[in-house]
Amino acid sequence: MQPPAPPKIAAIEVVAAQPTEADSAAIAQLSAETSRSLPQVAYVVKVRLKTKPPVTSMAWALYVNDVLIPKYWEYEDGIYFTVLDPQFFADHKGKRLRFSQNGVDFFDTGMRLAAPPAPAAASKSKAKAAKSSTGKAARLPLQADVLK
Amino acid sequence: MAGADTATLKNPALAGAVPFDTVIYGAPPLAYPVALSQYAIYNTPDPAYVTARINVSAFANLGFATPWPFLNTNVPLNGHVCVPRGRGPFPLAVFAHGNHNPFENSTPGYLYLCQLLASHGIIAATIDVNFLNGNNFGENDGRAIVHLEHLKQFRAWNNTATHPLHGKVDLNRILIVGHSRGGEGVGHASFFNRLPSVGGVTLDGSGPFFLGPYRFGLTAVAAIAPTDRQFTPVSGPTVVPDHYYIIHGSKDSDVSDFQGYHTYERAHVVDLANPTVSDGKFKAMLWVHKANHNQFNSIWASETPVGVAMPRASQEEVAKVHLGALAQAVLLDRAEYLDVLRDHGAAVAWDPAGTEFVSQYQDPARVFVEHNQEAPLAPPPVVSLPVQGTVAADGVVAARQLTALVAGLTTTITLRLAWNALGARLLLSVDPSTLPAERYKTLALRVGQSTEANNAANRDQDFTLEVSSGSHTAAIPASCLHRLLYPDLPPFGPAKIMMQTLRLPIERLVECGVEPTDLRSIALVFDRRATGTLYVGDLQWSN
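The model shown is predicted, which means the values in this text are computed figures rather than measured ones.

Visitor: Quick question: what am I supposed to make of the overall build of chain A here?
Guide: From N to C terminus, chain A includes four helices and eight strands. Counting helices and strands in the order they occur from the N terminus, chain A gives β-α-β-β-β-β-β-α-β-β-α-α. Counting over 148 residues, chain A shows a buried share of 42%. Nonlocal contacts in chain A, meaning residues at least 24 apart in sequence, comprise 70% of its contacts between residues at least 6 apart. Accessible surface for chain A amounts to roughly 7,500 Å². Of this, 53% is attributable to carbon and sulfur atoms.

Shown next, in the form of structure tokens:
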């Protein structure tokens, strides 16, 4: 038998979306912890895979350089994770995406973390998807719509 | 080896005499699409077993590749439970599956174990966590929360005067069992169970998530082929605070690197500041040669080609014997079944013929003579405080090192012993006034061989254990206590070094004239194999 091979990434896209209720709670907590006012935005980082790996218990942990993405989720074309603090992009945009199963052996995907859309552009391009009526975040698309 | 002591015990894999009913519980109505039709069974639960939904959105998303008819804010509590007939109260065991294709319902895969336990008078359930399955990562805190919320459901039923389970659940005797990522999840559940909050989410039943409170009387936690550290709490890698049991197969081709060994190693470690103080919990490990990953779940297709792993029926039998023994011991107060945890040889008459195992057991009652965890990390080995003594190596290279016995981040220091001629020895001389050996029943240590060149392939290693008091010496070949198996090569990746716990009863030493109150030395004498490399840990007096 052969050990599993890491997935190959086809593309990276970052989309600004409305935070879920749980995201909002996390944003509030993060704001309190960092003494910074964070925007009510959830940046959805879509990692489109060339081929999805089989579903097993072992997982390919995703790293941006040496920083572990603590949670990611599956969508139709690959995996995605959300970023609630824009500082993450300031710190890590352009850095390598890597997979590892054990935190020791790493596989460089050849892809780099994309930057988030500029706030104005994000709002403008997604405005037509927004139906909600309250607040800045309401002009952003729902995560469910972003990931369809 | 053990075995004689358990001759009068019944095989714990055999069904008991208690009649039981199997019911489905669930949270209908849910419009499962055709692709998820396997879950439609939860839309028609027993009318008395209709459950609520829970909000796990603070811990997990569901992913968008599976068309679940619910959100992470209202996931169902679905499961199958085998309920013994009678007044009870009955202990409770709850199983959780791991990650798998979410279009196949993994939940019924442990009914074979639930039915066994129920027939012995244990309420046994297997729960639906399929909505967290898929190409997801880091969600094992969510699996833990789901597991605890199912326990909460059983507590609610137990406390509801009109419910069939009213007063029937012994909430002080609970075993949680998880397989694969569910096996990692039960470790987190054990940890979360004692916390007021996790990651800013309060676990007191209050909004907005309405999770908890828990504080269950968890008797033990069992992990079948678990992952490790896919989720890590902010406080650091989870340390399981309850009795911990782990079982894993050498042919596992999913969690092929035996990650759970690291969970095991973190549990119930020696406190260097108070080395004689124990947290009162045991841990035990069973390494099963030729077992793979998926065959512990009766639904999952084998992940290994035909002929690589043992037959499915044999693997399920191993699970029934050993998890059955655990349940008998910790849930039904049949302490004699702890012998199976202390030494897998006690189950030799019950296990499938020819099955090879490596097992470890750490009793909560112990005093270490040499645990090897002293800082700094450097040779040579030393006798561990508060025991006073010296260590001398003669013809054997002895080095304390962070050997990766299995792949991954290693935190336990192990003593590596290598020799190239007969007669080499490692001698620990101790001050008998500092070693209260007479308080204990057993001299124990764990020893394993590697695939290094000076170990003959596929041959058991061996040495002699010499224990002396004054002029009396007992010399016991290790092979009289247990086989030291050559590593079973995995389907891929490096071979693991699995240490076997050797337990030498003090009464056997006394028979040889050794006086426990005047114990002067313990030696590992390499007089049975001309060459070899062994890894040794946790030399101790224990029970």
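Visitor: Hey, could you run me through the environment of B:Ala291 in this one?
Guide: Residue and element names in this part refer to chain B. By the element assignment, Ala291 lies in the loop between β12 (283-288) and α5 (312-331). The spatial distance from the C-alpha of Ala291 to the C-alpha of Gly199 is 36 Å, given a sequence separation of 92 residues. Ignoring any residue separated from it by four or fewer positions in sequence, one finds Ala291 in contact with Gly249, Ser250, Lys251, Asp252, Phe296, Met310 and Gln315.

Visitor: What is the right way to read the packing of aromatic side chains from this model?
Guide: The geometry of an aromatic ring pair is captured by the separation of the ring centres together with the interplanar angle, meaning the angle of the planes. Residue and element names in this part refer to chain B. Applying the stated rule across the entire model yields 27 aromatic pairs over all chains. Judged by centre distance (5.4 Å) and plane angle (85°), the ring pair of Tyr25 and Trp157 falls under edge-to-face. Residue Tyr25 is found in strand β1 (residues 20-25), and its partner Trp157 is found in helix α2 (residues 140-158); the two are separated by 132 residues along the sequence. Through a chain of ring-to-ring contacts, the aromatic side chains of Tyr32, Tyr39, Trp68, Phe70 and Phe131 assemble into a single cluster.

Visitor: Would you take a moment to explain α2(B) for this structure?
Guide: Since one α-helical turn is 3.6 residues long, residues separated by three or four positions face the same way. Taking 1.5 Å per residue as the helical rise, α2(B) with its 19 residues ought to reach 27 Å, and the 27 Å between its terminal C-alpha atoms agrees with that figure. Most of α2(B) sits inside the fold, with 17 of its 19 residues counted as buried.

Visitor: Help me out: how do you make sense of the pattern of salt bridges in this one?
Guide: In total, this model carries 27 salt bridges over all chains according to the counting rule given. With its nearest N and O atoms 2.6 Å apart, the salt bridge here joins A:Arg98 to A:Asp66. In this pair, A:Arg98 is assigned in strand β7 (residues 96-100) and A:Asp66 in the loop between β3 (61-64) and β4 (67-68), connecting sequence segments 32 residues apart. Its relative accessible area of 10% is what places A:Arg98 among the buried residues. Residue A:Asp66 is classed as exposed on the basis of its relative accessible area of 63%. Close ionic contact of B:Arg425 with B:Glu466 constitutes a salt bridge, the shortest N to O distance being 3.4 Å. Here B:Arg425 is found in strand β18 (residues 424-430), whereas its partner B:Glu466 is found in strand β20 (residues 464-469), with 41 residues between them in sequence. A residue is classified by how much of its surface remains accessible, and B:Arg425, at 25% relative accessible area, is partly exposed. Put simply, B:Glu139, B:Arg143 and B:Arg181 are held in one network by salt bridges that share partners.

Visitor: I tried to follow the interface of chain A and chain B on my own but got confused; where do I start?
Guide: Interface size is commonly expressed as the accessible surface area that is lost when the partners come together. Between chain A and chain B, the contact holds 33 residues from the first and 40 residues from the second. When chain A packs against chain B, close to 2,800 Å² is buried across both sides, 58% of that on carbon and sulfur atoms. It is A:Met1, A:Ser57 and A:Trp73 in chain A that bury the most area against chain B; as a group they hold 26% of the surface buried on that side. One can count one salt bridge joining chain A with chain B.

Visitor: Even after reading the chapter, I still don't get the pairing of β12(B), so can you show me in this structure?
Guide: Each regular strand shows side chains that alternate between the opposite faces of the sheet. All names here are of chain B. Among the six residues that make up β12, six are buried, leaving the element largely enclosed by the rest of the structure. The alternating pattern of β12 places Lys283, Met285 and Trp287 and Ala284, Leu286 and Val288 on opposite faces, both of which are buried. When strand β11 (residues 243-249) meets β12, the two strands line up parallel, connected through six bridges. Pairing of Tyr245 across the sheet is with Ala284, part of β12.

Visitor: Looking at this model, I keep getting lost on the side chain of B:Glu139. Mind explaining?
Guide: Its place among the elements puts B:Glu139 in the loop between β6 (123-127) and α2. A polar contact is formed between the side chain of B:Glu139 and the side chain of B:Arg143, at a distance of 2.8 Å. A polar atom in the side chain of B:Glu139 sits 2.9 Å from the side chain of B:Arg181. Filtering out sequence-adjacent residues up to four positions away, B:Glu139 remains in contact with A:Lys71, A:Trp73, B:Ala60, B:Leu132 and B:Arg181.

Visitor: What exactly am I supposed to notice about the sheet that holds strand β23 (residues 521-526) of chain B here?
Guide: In a beta sheet, neighbouring strands are held together by backbone hydrogen bonds and run either parallel or antiparallel to one another. Residue and element names in this part refer to chain B. Spatially, the five strands line up as an open sheet ordered β15-β18-β23-β20-β21, and their pairing is antiparallel. The outermost strands of the open sheet, each flanked by one partner alone, are β15 (389-394) and β21 (472-477). Going from strand to strand, the sheet's axes swing by 15° on average, the running direction of each strand aside.

Visitor: What's the story with the pairing of β3(A) in this structure? I'm lost.
Guide: Residue and element names in this part refer to chain A. Alternating positions in β3 separate into two faces, Ala61 and Tyr63 on one and Leu62 and Val64 on the other, with burial throughout. Pairing analysis gives four bridges linking β3 to β7, with the strands arranged antiparallel. By the bridge assignment for β7, Val64 is matched with Leu97.

Visitor: Even after reading the chapter, I still don't get the sheet that holds strand β8 (residues 106-112) of chain A, so can you show me in this structure?
Guide: One open sheet holds the four strands; their spatial order is β4-β3-β7-β8 (chain A), and the pairing between them is antiparallel. Strand pairing shows two members of the sheet lacking a second neighbour, β4 and β8 of chain A, which therefore form its edges.

Visitor: Mind showing me how you'd approach the packing of helix α1 (residues 111-118) of chain B against α5(B) here?
Guide: In a pair of packed helices, the angle between the axes and the distance between the axes together describe the arrangement. All names here are of chain B. Relative orientation of the contacting elements α1 and α5 amounts to 40°, with a least axis distance of 10 Å. By the angle class used here, α1 and α5 are oblique. Remark: the crossing between α1 and α5 carries right-handed chirality. For the pair α1 and α5, the contacting residues are Tyr112, Leu113, Leu116 and Leu117 in the first and Glu316, Ala319, Lys320, Leu323, Gly324 and Ala327 in the second. When grouped by side-chain class, the residues that make up the contact of α1 with α5 number seven nonpolar, one polar and two charged.

Visitor: How do you make sense of the nonpolar core when you look at a structure like this?
Guide: As a rule of thumb, nonpolar side chains are buried together in soluble globular proteins. All names here are of chain B. Judged by nonpolar contacts, the single largest core of 81 residues is most densely connected at Val81, Leu151, Phe154 and Tyr261. Ranked by the residues each element gives to this core, the list is headed by α2, at seven residues. Setting aside its immediate chain neighbours within four residues, Leu151 contacts Leu92, Val94, Ile174, Ile176, Phe216 and Leu218. Membership of the second largest hydrophobic core comes to 50 residues, among which are Ala93, Ala124, Ala325 and Phe357.

Visitor: Mind showing me how you'd approach the state of the cysteines here?
Guide: Every disulfide links exactly two cysteines, by a covalent bond between their sulfur atoms. Enumeration over the complete set of coordinates arrives at zero disulfides over all chains. No disulfide involves B:Cys82; its nearest neighbouring cysteine sulfur is the one of B:Cys114, lying 5.2 Å away.

Visitor: Can you help me understand unusual backbone geometry in this one?
Guide: Of all residues except glycine, most have a negative phi; of all peptide bonds, most are trans. Residues and elements named next belong to chain B. Between Pro28 and the following residue, Pro29, the backbone shows a cis peptide bond with an omega angle of 0°. Here Pro29 is to be found in the loop between β1 and β2 (53-54). With a phi close to 65°, Arg229 is a non-glycine residue in the positive phi region. Within the secondary structure, Arg229 sits in the loop between β10 (218-224) and β11. The partly exposed category is assigned to Arg229, whose relative accessible area is 34%. Of note, Asp333 is a non-glycine position whose phi angle comes to about 60°, a positive value. Its location among the elements puts Asp333 in the loop between α5 and α6 (338-342).

Definitions and cut-offs
- Residues numbered from 1 in each chain as written.
- Chains lettered and ligands numbered in written order.
- Predicted model: local features only at pLDDT ≥ 70, side-chain atom pairs only at ≥ 80, totals over all residues.
- Heavy atoms only, no water.
- Helix = DSSP H or I, 4+ residues; strand = E, 2+ residues; numbered from the N terminus.
- Buried < 20%, exposed > 50% of the residue type's maximum accessible area, 1.4 Å probe, protein only.
- Contact = heavy atoms within 4.5 Å.
- Areas by Shrake-Rupley, 256 points an atom, 1.4 Å probe, with all protein chains shown as cover.
- Phe/Tyr/Trp six-rings, centres within 6.5 Å; stacked < 30°, edge-to-face > 60°.
- Expected span 1.5 Å × (residues − 1).
- Salt bridge = Lys/Arg side-chain N within 4 Å of Asp/Glu carboxyl O.
- Buried area = accessible area lost by both parts, 1.4 Å probe.
- Pairing = 2+ DSSP bridges.
- Polar contact = N/O pair within 3.5 Å; in protein donor to acceptor, adjacent residues only side chain to side chain.
- Axes fitted to C-alpha atoms, helices over the stretch in contact; angles between N-to-C directions.
- Parallel < 35°, antiparallel > 145°, perpendicular 65-115°, else oblique.
- Left-handed = near helix turned anticlockwise from the far one by under 90°.
- Nonpolar A, V, L, I, M, F, W, Y, C, P; charged D, E, K, R; others polar.
- Core = buried A, V, L, I, M, F, W, Y, C linked by side-chain atoms within 4.5 Å.
- Disulfide = S-S within 2.5 Å.

Read these as layout, nothing more, since geometry by itself doesn't imply function.
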